[in-house]
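# Observations on chain architecture
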Amino acid sequence: MEIELDYGRDGLRVTLPPEAEPTIIRKPALPVPGDQRAEVISAIDTPISAPPLGELAAGARSACILICDITRPVPNHLFLRPLVERLMSAGISASAITVLIATGMHRPNLGEEMAELVGDPWVLDTVKVINHDAQNDAGHVFLGRTARHDCPVGIDRIFIDADIKIATGLVEPHFMAGYSGGRKVIAPGVAHHETIRTFHSARFMEHPAATSCNLDGNPLHETQLEIVEAINARSETPVLGLNTVLDDQRNLVHATFGEIVASHERAVAFARQSCEVPVDGKFHTVVTSSAGYPLDKTYYQTVKGMVTPLDILAPGGTLIIASECSEGVGSDEFRAAQQRLVDLGPDAFLETLTVKSLADIDEWQTEMQLKPMRIGRVQLYAPGLGLGHDITGIDRIDDVSAALSQAIARHDDRRIAVIPEGPYVVPFARPLAAE
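Summary of the structure given here. (Residues numbered from 1 in each chain as written. Predicted model: local features only at pLDDT ≥ 70, side-chain atom pairs only at ≥ 80, totals over all residues. Heavy atoms only, no water.)

## Quick word on the overall build of the protein chain
In terms of regular secondary structure, the protein chain is built from 15 helices and 20 strands. Computed over C-alpha atoms, the radius of gyration of the protein chain comes to 21 Å, within 12% of the 22 Å expected from 2.2 N^0.38 for 435 residues, which places it in the range of a compact globule. For the C-alpha atoms alone, the extent of the protein chain along its principal axes is close to 70 × 50 × 45 Å. Burial status across the protein chain gives 61% buried among its 435 residues. Taking contacts inside the protein chain between residues at least 6 apart in sequence as the whole, the part at least 24 apart equals 77%. Accessible surface for the protein chain amounts to roughly 16,500 Å². Of this, 50% is attributable to carbon and sulfur atoms. With 37 positive and 58 negative side-chain charges, the protein chain shows a spacing of 2 Å between the two charge centroids. (Helix = DSSP H or I, 4+ residues; strand = E, 2+ residues; numbered from the N terminus. Rg over C-alpha atoms; globule rule 2.2 N^0.38 Å. Buried < 20%, exposed > 50% of the residue type's maximum accessible area, 1.4 Å probe, protein only. Contact = heavy atoms within 4.5 Å. Areas by Shrake-Rupley, 256 points an atom, 1.4 Å probe, with all protein chains shown as cover. Lys, Arg positive; Asp, Glu negative; His and termini not counted. Charge placed at Lys NZ, Arg CZ, Asp CG, Glu CD.)

## As for the nonpolar core
With 107 residues, the main nonpolar core has I155, I164 and I186 as its most contacted residues. In this structure, I186 is in contact with L66, I155, F159, A167, A191, I227, V228, I231, V239 and I260, ignoring residues within four places of it in sequence. By size, the runner-up hydrophobic cluster in this structure holds 18 residues, among which are L5, L16, A20 and I416. (Core = buried A, V, L, I, M, F, W, Y, C linked by side-chain atoms within 4.5 Å.)

## Section: the environment of N232
By the secondary structure assignment, N232 is in helix α9 (residues 219-233). The class for N232 is partly exposed, based on a relative accessible area of 23%. With 67 residues separating them in the primary sequence, N232 and K165 have C-alpha atoms 9.9 Å apart. Ignoring any residue separated from it by four or fewer positions in sequence, one finds N232 in contact with T237, P238 and V239.

## Concerning the packing of aromatic side chains
Pairs of aromatic rings are described using the distance from one ring centre to the other and the angle between the two planes. Applying the stated rule across the entire model yields 4 aromatic pairs. Taking the centre distance of 5.1 Å and the plane angle of 90 degrees together, the rings of Y300 and F334 count as edge-to-face. With Y300 in helix α11 (residues 299-307) and F334 in helix α12 (residues 332-344), the pair connects residues that are 34 residues apart, well separated along the chain. With respect to class, Y300 is no different from F334; both count as buried. Pairwise contacts between aromatic rings join Y299, Y300 and F334 into one cluster. Sitting above the plane of the Y293 ring, R9 keeps its charged end 3.8 Å from the centroid. If you follow R415 out to its NZ or CZ, it ends over the ring of F283, 4.1 Å from the centre. (Phe/Tyr/Trp six-rings, centres within 6.5 Å; stacked < 30°, edge-to-face > 60°. Lys NZ or Arg CZ within 6 Å of the ring centre and 35° of its normal.)

## Observations concerning α11
Buried residues dominate α11, accounting for 9 of its 9 residues. Among the residues making up α11, those that are buried are Y299, Y300, Q301, T302, V303, K304, G305, M306 and V307. The elements touched by buried residues of α11 are β10 (173-174), β15 (283-289), β16 (313-322), α12, α14 (363-375) and β17 (377-381).

## Observations regarding the sheet that holds strand β9 (residues 164-170)
For sheets, the rule is that strands pair by backbone hydrogen bonds, running either parallel or antiparallel. Across the sheet, 6 strands lie side by side as β6-β5-β4-β9-β12-β13; this open sheet has mixed pairing. In this open sheet, the two edge strands, each paired with only one partner strand, are β6 (128-131) and β13 (252-259). Here the average twist between neighbouring strands, direction ignored, is 20 degrees. Both strand β5 (residues 97-102) and β6 contribute to a ladder of 4 bridges, which runs parallel. Following the sheet pairing, L100 is matched in β6 by I130. Where helix α1 (residues 36-45) meets the sheet, its contacts fall on β12 (240-246) and β13, and the angle it forms with β13 comes to roughly 20 degrees. (Pairing = 2+ DSSP bridges. Axes fitted to C-alpha atoms, helices over the stretch in contact; angles between N-to-C directions.)

## A few points about helix α13 (residues 346-354)
Within the sequence span of α13, burial applies to F349, L350 and L353. End-on, the buried residues of α13 take up no more than an arc of 100 degrees, which puts them together on one face. Facing away from the buried side of α13 by over 90 degrees, the exposed positions are D347, E351 and T354. (Arc of directions from axis to C-beta.)

## Comments concerning the layout of surface pockets
By volume, the largest pocket amounts to about 500 Å³. Lining the largest pocket are 26 residues, with M105, H106, R107, S331 and D362 positioned closest to its centre. Looking at the lining of the largest pocket residue by residue, the class counts come to 8 nonpolar, 11 polar and 7 charged. Roughly 360 Å³ of internal volume is contained in the second largest pocket. (1 Å grid on protein atoms, 1.4 Å probe; cavity = no way out; pocket = protein on both sides within 12 Å on 5 of 7 lines; lining within 4 Å. Points joined across faces, edges and corners; volume = space filled by probe spheres on them. Nonpolar A, V, L, I, M, F, W, Y, C, P; charged D, E, K, R; others polar.)

## Thoughts on the packing of α12 against α14
Close contact between α12 and α14 brings their axes to 8 Å; oriented N to C, the two are set at 40 degrees. It follows from the interaxial angle that α12 and α14 lie oblique. Remark: the crossing between α12 and α14 carries right-handed chirality. Contacts from F334, A337, Q338, R340 and L341 of α12 reach α14 at E363, Q365, T366, Q369, L370 and M373. Residue composition of the contact of α12 with α14, by class: 5 nonpolar, 4 polar and 2 charged. (Parallel < 35°, antiparallel > 145°, perpendicular 65-115°, else oblique. Left-handed = near helix turned anticlockwise from the far one by under 90°.)

In C-alpha cells:
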C-alpha cells in the first residue's frame, strides 16, 4: 500500500511495509463552494456582530489590512481586492490603505515572494504592502500590560493609527494558541518583540492549557483577547476579522467576516468539525508531515507537525515526520537554541528557560520540541536539511518505509497511524472499547 504525505509542493509517496496495519487520519470531506471568491464576498457583505464595512468606513481616512506571512497558505488572492475596493468605495484613498504583512518575528517577505503571498497584481499596484518589523521600537504603540497574565502590549503603529483595522488569516489548529486566525494575526503577527517574547516564555509555553485546539483557559488566547480589548478601547470602530478555512486540497470551504472575536469564534466552530479527528486508542508508531509547502520550508515550522499528534502517541512510541526543509533550519536565533538543546540536553535546556521573563527569539519552538521528546522517539526525514540535522536533537532517517518497518518490529505492534496533512489535522485518542 502506498500513501502520499504532504511534502514540499509535490508530495512524498511512501510504501507502507506489508506487515503494517494502517489507520489513515484525514479531515472528513467538506463541500467546496462552486465559486470560492463569491463565498468570501458573501462573508464580507454579511458581517458578524458588526455594521457593514461600507458603513464603518464612511468618513474614515485610513485603513490597515493585516495578512499572514508566506508560512501560511492563506487565499489572499480571493479577498484582498474586494476589501480594498469596498474601502475605496467608502471614500478612503488608495494611498491611505496599507496591507501589513504580519510577520511576527519571522523574516520579511520581499520581491517575488511578496507577489506570491499577495496573489493579486492589482493590489500590489494599488495600495502599499509592507512588512511588520517587531524590533523597531519607534514603529509600535505601547498600550500597557494585560491584567490576567501581565504581558506588555506593543502593537505596530500603522495598525493602531488606522481608522479601519482588519485582520485576515487562516483558521487552523495551532499547537500552542489552540487555533490560528483572528486575534493571533495581531499578536504575535504585528506585535512588538517584547510582547511576543513574553507570551512565548516558559510560563506560557509550559501551561497545560497551551495546546492544540484548546481555547479554554489557554493563556496565549486569553492574552490575545485582552490585546484586542486594549486596541478597541482606543478606537472608534471595532477591529474586524476575515477568517478562512481550507480543506486538505487547499480549497476554501468557509469564510467569516465581522467583529474580530465573534467572527473568529464562528470560524473555529466550523473548523473543529474537520480538524479535530477522534481515533481509537493510541499508537506506538505515528507517521506524519509538516503539511507541505509553504509550512515545511524550514525545520522551525516542522516542529508543529511533531506536537499536534501527541495525544495519540503511546508512551515510548516512535513519531516519524517528513519535511522538505527547503530553506534549512530557520533563523540564526533558532539555530542557536537548537545548538543549546544538543549541548545541554532536554532537561538542562528547559531549566534555562524557566528563569526567563522574556524568551530569546525563536527558542520557544525548541521548547515545544521537548514535548514529543518527553513521550517517545522522534525521527526526521528531511534530505534537504543537510548538516542542519546535527542540531535537531532527534534521529535522522533516510527512508520512511524502512523506519516504519523498524518501528513496527521494535514495538511488536503492527498498528500505525498515518497523518498525511500533518499539523492541519489533530487526532484525539478515544478509549478503546473493553474486549
